[in-house]
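Descriptive analysis of the structure
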Amino acid sequence: MIQPFSFGPKRALLCAIMILARPIMAYDSIRVSKWINVEKSISAGALAADRDNLYLIDEKKGRIQVYDREGTLTTIIGDPSAKKESLRNPKGLAAGAGGRIYVADTGNSRIAIIDAAGHFSGFFGAPGSEPGMMRVPESVAVGADGRIYVADTGNSRVEVFTAEGIFLYGFRTFGKPGGKKTFKSPSKVAVDLSDRVYVLDRSLGKIFVFDSRQNFLAEFKISGDDFVVDRYGYLYILDSANN
């Protein structure tokens, strides 16, 4: 079941003011504009979209299915038989500028960069715990400024890189000064148009919100295993346990 994240009336107003800091907009309805059929053999994982295409991860086969706006499968990216340019158990992906796609290549503990033509143009990150290294990263996101945010799940942190994959910094704590705690299993990261960062920690069952300088803003307890943030700052939670 996918539904907008909701609060009581007073908490909703407070959180909207605290997180959005912009005119509040609401949906009066959400409808399916078009269904896209995928093969039953696909182990569908994360998906991302840009203005022209929808990208869907096939976790089992280590591939990315590319569909056009009409729902037609146009390209399959990834060849499991290719050693250097293969994906292993990819978990997350995000669309960047210029048609680039960033893939959390979880099994290889790195991020893959795919160009607009559907070719691998580079990789960054390597197995390990030092800054700029990763251990089973499960999610990747692109900020409004082009920076790349990685949920470095196995190292219990979030790392930030340039669009080319140059390491900038990482963070692993949340909470107010004097009472900070650390992530356990950050499994999803997302960034809105104001570069607020949202981190879902699977083990803690919460989403944590940070400003563009990684100052802690808020936390929400959820019953769900995935989420997205729309352009207005609204959260949508995937609660598969409750259909």
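Residues numbered from 1 in each chain as written. Predicted model: local features only at pLDDT ≥ 70, side-chain atom pairs only at ≥ 80, totals over all residues. Heavy atoms only, no water.

1. Re unusual backbone geometry
Across the chain, the bulk of peptide bonds are trans and the bulk of non-glycine residues have phi less than zero. For Val136, which is not glycine, the phi torsion reads 40° and is therefore positive. Along the chain, Val136 turns up in the loop between strand E9 (120-124) and strand E10 (139-142). Residue classification places Val136 among the partly exposed positions, given a relative accessible area of 35%. Notably, Gln214 is not glycine yet its phi reads approximately 65°, a positive angle. You can see Gln214 is positioned in the loop between strand E18 (206-210) and strand E19 (216-221). Overall, Gln214 belongs to the buried group, its relative accessible area being 15%. (Helix = DSSP H or I, 4+ residues; strand = E, 2+ residues; numbered from the N terminus. Buried < 20%, exposed > 50% of the residue type's maximum accessible area, 1.4 Å probe, protein only.)

2. Remarks on the environment of Val136
Taking C-alpha positions, Val136 is 9.8 Å from Ser187, a pair spaced 51 residues apart along the chain. When neighbours within four sequence positions are excluded, Val136 is seen to be in contact with Thr106, Ser109, Thr153 and Gly154. (Contact = heavy atoms within 4.5 Å.)

3. Focus on the sheet that holds strand E17 (residues 197-201)
Spatial strand order, E16-E17-E18-E19: 4 strands in an open sheet with antiparallel pairing. Looking along the sheet, the strands with just one partner apiece sit at the ends: strand E16 (186-191) and E19. Between one strand and the next, the sheet's axes are offset by a mean angle of 20°, whatever the strand orientation. Of the pairings in the sheet, the one linking E17 to E18 comprises 5 bridges and is antiparallel in character. Looking at the pairing, Val197 lines up with Phe210 of E18. (Pairing = 2+ DSSP bridges. Axes fitted to C-alpha atoms, helices over the stretch in contact; angles between N-to-C directions.)

4. Quick notes on the nonpolar core
In terms of nonpolar packing, the biggest core is built from 14 residues, with Tyr149, Phe171, Phe183, Val189, Val197, Val199 and Phe210 touching the most fellow members. When residues of this core are traced back to their parent elements, those giving at least two are strand E11 (148-152), strand E12 (157-161), E16, E17 and E18. Setting aside residues up to four positions removed in sequence, Phe171 forms contacts with Arg157, Val158, Val160, Phe183, Val197, Phe210 and Gln214. (Core = buried A, V, L, I, M, F, W, Y, C linked by side-chain atoms within 4.5 Å.)

5. Considerations on the side chain of Asp152
Locating Asp152 in the fold gives a position in strand E11. Within the structure, the side chain of Asp152 is placed 2.8 Å from the backbone nitrogen of Arg135, a separation counted as a polar contact. Discounting chain neighbours no more than four positions away, the residues touching Asp152 are Met133, Met134, Arg135, Pro137, Arg157, Glu159 and Pro186. (Polar contact = N/O pair within 3.5 Å; in protein donor to acceptor, adjacent residues only side chain to side chain.)

6. Some thoughts on the confidence of the model for the chain
Residue-level pLDDT values for the chain average 83, and 84% of them are 70 or greater. The element-level mean pLDDT for the chain is lowest in helix H1 (residues 9-20), coming to 39, with E11 highest at 98. Within the model, pLDDT remains below 50 along residues 1-26, and this stretch shows 45 contacts once partners closer than five positions in the same chain are excluded. (pLDDT = per-residue confidence, 0-100.)

7. Some details on the side chain of Asn155
Positionally, Asn155 belongs in the loop between E11 and E12. There is a polar contact of 3.4 Å between the side chain of Asn155 and the side chain of Arg135. At a separation of 2.9 Å, a polar atom in the side chain of Asn155 contacts the side chain of Asp152. Here Asn155 is in contact with Gly128, Ser129, Met133, Met134, Arg135 and Arg172, once residues within four sequence places are set aside.

8. Concerning the pattern of salt bridges
Applying the stated criterion to the full structure yields 9 salt bridges. Among the ionic pairs, Lys91 bridges to Glu59, the shortest N-O distance being 3.3 Å. With Lys91 in the loop between strand E5 (73-77) and strand E6 (92-95) and Glu59 in the loop between strand E3 (53-58) and strand E4 (63-68), this pair connects stretches of sequence that are 32 residues apart. Of the residues examined, Glu59 reaches a relative accessible area of 19% and is grouped as buried. The partner of Asp152 in a salt bridge is Arg157, and the shortest N-O contact between them spans 2.8 Å. Judged by its relative accessible area of 0%, Asp152 is buried. (Salt bridge = Lys/Arg side-chain N within 4 Å of Asp/Glu carboxyl O.)

9. Focus: the pairing of E10
Pairing geometry for E10 and E11, over 4 bridges, is antiparallel. Across the sheet, residue Ser139 finds its bridge partner in E11, namely Ala151. A loop of 5 residues connects E10 with E11, the two strands running antiparallel in sequence, and Gly146 in this loop sits at a positive phi of about 90°.

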